[in-house]
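Structural characterization, general
The chain contents come next:
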Amino acid sequence: MTSGGDAPGMNAAVRAVVRACIYYDIQVFGIYKGYDGLISGNIEELRVRSVANILSRGGTFLLSARSDEFRTKEGRIKAYENFKKHELDALVVIGGDGSFTGADIFSREFDIPVIGIPGTIDNDLAGTDFTIGFDTACNTAAEAIDKIRDTASSHERLFFVEVMGRDAGFIAVNSAIGGGAVAMIVPEHNYPIEKLIKRLQKGAANQKASNIVVIAEGCQLGNAYDIADQVKAKLDYFDIRVTVLGHLQRGGSPTTMDRVLASRLGVAAVEGLRDGKSKVMVGIINNKIAYTPINEAIKIEKRLDPEEFRVAKILSI
Ligand code: F6P
């Protein structure tokens, strides 16, 4: 199943799981609409050609949902009944931390082998250097910033661009460096507004014609509009605009990076189950497949790399 917020490359991961199962002579079923589909019995067998031509498609053909019912014991009992009815032996969940929390509980309650594949644009899971969809989302955000740069420099404006990430700044950091932003503000750091003001003043003194500040959603200083207002109150000479990129970051054809990652993780998930692994998330660390207990992948905070902030600072003068 795919569960939670969709991410580009989820289809590639489903394809890899299906094809790897068939390769190893394992019957495989798709559960539609995440845990809601398990509760309602929206389950059907997938065959080798069921997953033809989906490698390059964004979204998830299995559909996705954030299931409230699965949070309840009654919901999980219904899910277990369908699990047994279809004679399933193991569950592969492609999703993010919320989906993995559900998988972990379900696995413990009913003693079901479960393996997680990290699929979220947020990249906020420990136990993997990258989650499926993150690279595509960063490329989409950087491309949007490039376009904003054209208009920003034509009018010598200051833009605040808000990107997704829930409470993690990974998309913000990558798209800010990739898009040449003057500053980036992330939820993980306490960033005083005075620091931003100073940086913008320095740029203005250096004849910097256009400025782009990337704001991650969930920042301590507020959203992009709040931060723009705070700057406007202190620096009235800037002509300021705000763009919130929103859900367009979740769509589109996955990059090759995401397709390869999804393909590798899908095969490794099936091979992990065959080796008797359970309650683990399959990830990639230093370009090697790694299995991490699901509860660690959810609980351990994945930290932003200070090196990236150092590089961004050097380049934003
Ligand atoms: O987790 C992926 C994500 O896109 C976050 O970046 C964002 O905060 C959230 O999902 C948005 O959720 P929804 O699509 O339910 O509005």
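Residues numbered from 1 in each chain as written. Predicted model: local features only at pLDDT ≥ 70, side-chain atom pairs only at ≥ 80, totals over all residues. Heavy atoms only, no water.

The subject of this paragraph is the overall build of the protein. In terms of helices and strands, the protein carries 11 helices and 10 strands. In terms of overall dimensions, the protein is globule-like: its C-alpha atoms have a radius of gyration of 21 Å, near the 20 Å expected for 317 residues. Its C-alpha atoms give the protein principal-axis dimensions of roughly 70 × 35 × 30 Å. Across the 317 residues that make up the protein, the buried fraction comes to 52%. The long-range fraction of contacts in the protein, counting pairs at least 24 apart against all pairs at least 6 apart in sequence, stands at 74%. Split by element, the accessible area of the protein, about 14,500 Å² in all, is 49% carbon and sulfur. Across the protein, the centroid of the 38 positively charged side chains sits 2 Å from that of the 40 negatively charged ones. (Helix = DSSP H or I, 4+ residues; strand = E, 2+ residues; numbered from the N terminus. Rg over C-alpha atoms; globule rule 2.2 N^0.38 Å. Buried < 20%, exposed > 50% of the residue type's maximum accessible area, 1.4 Å probe, protein only. Contact = heavy atoms within 4.5 Å. Areas by Shrake-Rupley, 256 points an atom, 1.4 Å probe, with all protein chains shown as cover. Lys, Arg positive; Asp, Glu negative; His and termini not counted. Charge placed at Lys NZ, Arg CZ, Asp CG, Glu CD.)

A few words now on unusual backbone geometry. Phi is positive for K33, which is not a glycine, with a value near 65 degrees. Among the secondary structure elements, K33 is positioned in the loop between β1 (29-31) and α2 (34-40). Positive phi values are uncommon outside glycine, yet L63 reaches one of about 65 degrees. Relative to the helices and strands, L63 is located in the loop between β2 (43-45) and α3 (73-85). What makes L63 partly exposed here is its relative accessible area of 40%.

On to the pairing of strand β9 (residues 280-285). Of all the 6 residues making up β9, 5 are buried; the element is thus mostly covered by neighbouring parts of the structure. Direction of pairing for strand β4 (residues 114-118) relative to β9: parallel, over a ladder of 2 bridges. Within β9, the residue paired with I115 across the bridge is V280. Examined bridge by bridge, β9 and strand β10 (residues 288-293) share 6 bridges and lie antiparallel to one another. Considered in β10, the bridge of I285 is made with K288. (Pairing = 2+ DSSP bridges.)

Moving on, we come to the domain arrangement of the protein. The domain architecture assigned to the protein consists of domain 1 (10-133 + 254-299) and domain 2 (135-250). Using C-alpha coordinates to define each centre, domain 1 is positioned 34 Å away from domain 2. Tallying the contact residues gives 10 residues for domain 1 and 12 residues for domain 2. When domain 1 packs against domain 2, the two sides together hide about 970 Å² of surface, and 51% of this comes from carbon and sulfur. When the buried area of domain 1 at its contact with domain 2 is split by residue, I121, D122 and T255 rank highest and sum to 50% of it. Counting across the interface, domain 1 meets domain 2 through 0 salt bridges. For the pair domain 1 and domain 2, the interface holds 7 residue pairs in polar contact (both at pLDDT 80 or more). The residue makeup of the side of domain 1 that touches domain 2, split by class, is 3 nonpolar, 3 polar and 4 charged. (Domains from an automatic or database assignment. Buried area = accessible area lost by both parts, 1.4 Å probe. Salt bridge = Lys/Arg side-chain N within 4 Å of Asp/Glu carboxyl O. Polar contact = N/O pair within 3.5 Å; in protein donor to acceptor, adjacent residues only side chain to side chain. Nonpolar A, V, L, I, M, F, W, Y, C, P; charged D, E, K, R; others polar.)

Attention now goes to the packing of aromatic side chains. In total, this model carries 9 aromatic pairs according to the counting rule given. With centroids separated by 6.3 Å and ring planes inclined at 15 degrees, the aromatic side chains of F130 and F134 adopt a geometry described as stacked. Among the residues examined, F130 registers a relative accessible area of 37% and is labelled partly exposed. For F134, a relative accessible area of 3% gives the class buried. Between Y237 and F238, the aromatic rings sit 5.0 Å apart at their centres with planes inclined by 35 degrees, giving tilted as the arrangement. Among the residues examined, Y237 registers a relative accessible area of 49% and is labelled partly exposed. The class of F238 is buried, set by a relative accessible area of 8%. Taken together through their ring pairs, the aromatic side chains of Y35, F70, Y80, F83, F106 and F110 make up a single cluster. Taking the ring centre of Y291 as reference, the NZ or CZ of K277 above it sits at 4.7 Å. Sitting over the face of the ring of F170, K302 holds its NZ or CZ atom 5.5 Å from the ring centroid. (Phe/Tyr/Trp six-rings, centres within 6.5 Å; stacked < 30°, edge-to-face > 60°. Lys NZ or Arg CZ within 6 Å of the ring centre and 35° of its normal.)

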